[in-house]
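Okay, here's what each chain looks like letter by letter:
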Amino acid sequence: STIGTAALVSTMPSWATTTGSARASPGLCRRRREVIWCNYAHTRFFVALFSAGCAEQEIGDPIAVRDAWIREPPPRSPAAGYLVIENRGGDSVELIAAETQAAERTEIHIMEHSNGRMTMRKADSVSVPAGEEIELESGGTHLMLMQLRQPLKAGDEVELQLSFADGTQLKIMAPVRKGGYALD
């Protein structure tokens, strides 16, 4: 919103409207008031401008992704991808797809313990509640890069495009590195 002159005048402190000492000439008093008023008005303007900028920085992008990486797979095997999704917004978000040029398809998988066994199943989406984060990790929810187009080796980088139900799409880089498995 714009700060109008009337709003500034009405909030001008009494010290800024004083005329100075009785011995000062009327012209000097008027000029002193104008300088004080000008400095006060500029200060209020820049404080308002700075505050608006801070508010926008605090909000930022509602979805952030960090700590992404791909585990170097054995030969002719799919690769697993891990990352953290932060939801900084006020509404829940859903990761609905991931794509990469490194694989024919990328799927969201969930690992679960059932009847004393570890099972893995494909999921349609992963929900991230408002103000929370979810970690796609070994032994839990993760990405699977299926039918790799070329072998991935430690030191490579893979670009992933993540798609969310609200239409948001994020491109991230995930380094390939050696790593153990959750059951190791």
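Going by the structure above, here's the rest.
All figures in this text were calculated on a predicted structure; none of them were measured in a lab.

Participant: Sorry if this is basic, but what is going on with the side chain of Glu86 here?
Facilitator: When you line up the elements, Glu86 lands in strand 2 (residues 79–87). Given the relative accessible area of 17%, Glu86 is considered buried. Of note is the side chain of Glu86, whose polar atom sits 2.7 Å from the side chain of Arg66. Discounting residues that sit within four places of it in the chain, Glu86 has contacts with Pro62, Ile63, Ala64, Arg66, Glu132 and Glu133.

Participant: Honestly, the packing of aromatic side chains in this entry has me stumped. Any pointers?
Facilitator: Where two aromatic rings form a pair, the distance of their centres and the angle of their planes describe that pair. Enumeration according to the criterion identifies 1 aromatic pair in this entry. Plain terms: the ring middles of Trp69 and Tyr82 are 4.9 Å apart, the flat faces sit at 45° to each other, and that makes the pair tilted. On the criterion of sequence distance, the pair formed by Trp69 in strand 1 (residues 63–71) and Tyr82 in strand 2 is long-range, its members being 13 residues apart. In this structure Trp69 comes out as buried when scored by relative accessible area, which is 14%. A residue is classified by how much of its surface remains accessible, and Tyr82, at 5% relative accessible area, is buried. A cation sits over an aromatic face here: Arg177 above Trp69, 3.9 Å from the ring centre.

Reading the values: rules and limits
Residues numbered from 1 in each chain as written. Predicted model: local features only at pLDDT ≥ 70, side-chain atom pairs only at ≥ 80, totals over all residues. Heavy atoms only, no water. Helix = DSSP H or I, 4+ residues; strand = E, 2+ residues; numbered from the N terminus. Buried < 20%, exposed > 50% of the residue type's maximum accessible area, 1.4 Å probe, protein only. Polar contact = N/O pair within 3.5 Å; in protein donor to acceptor, adjacent residues only side chain to side chain. Contact = heavy atoms within 4.5 Å. Phe/Tyr/Trp six-rings, centres within 6.5 Å; stacked < 30°, edge-to-face > 60°. Lys NZ or Arg CZ within 6 Å of the ring centre and 35° of its normal.

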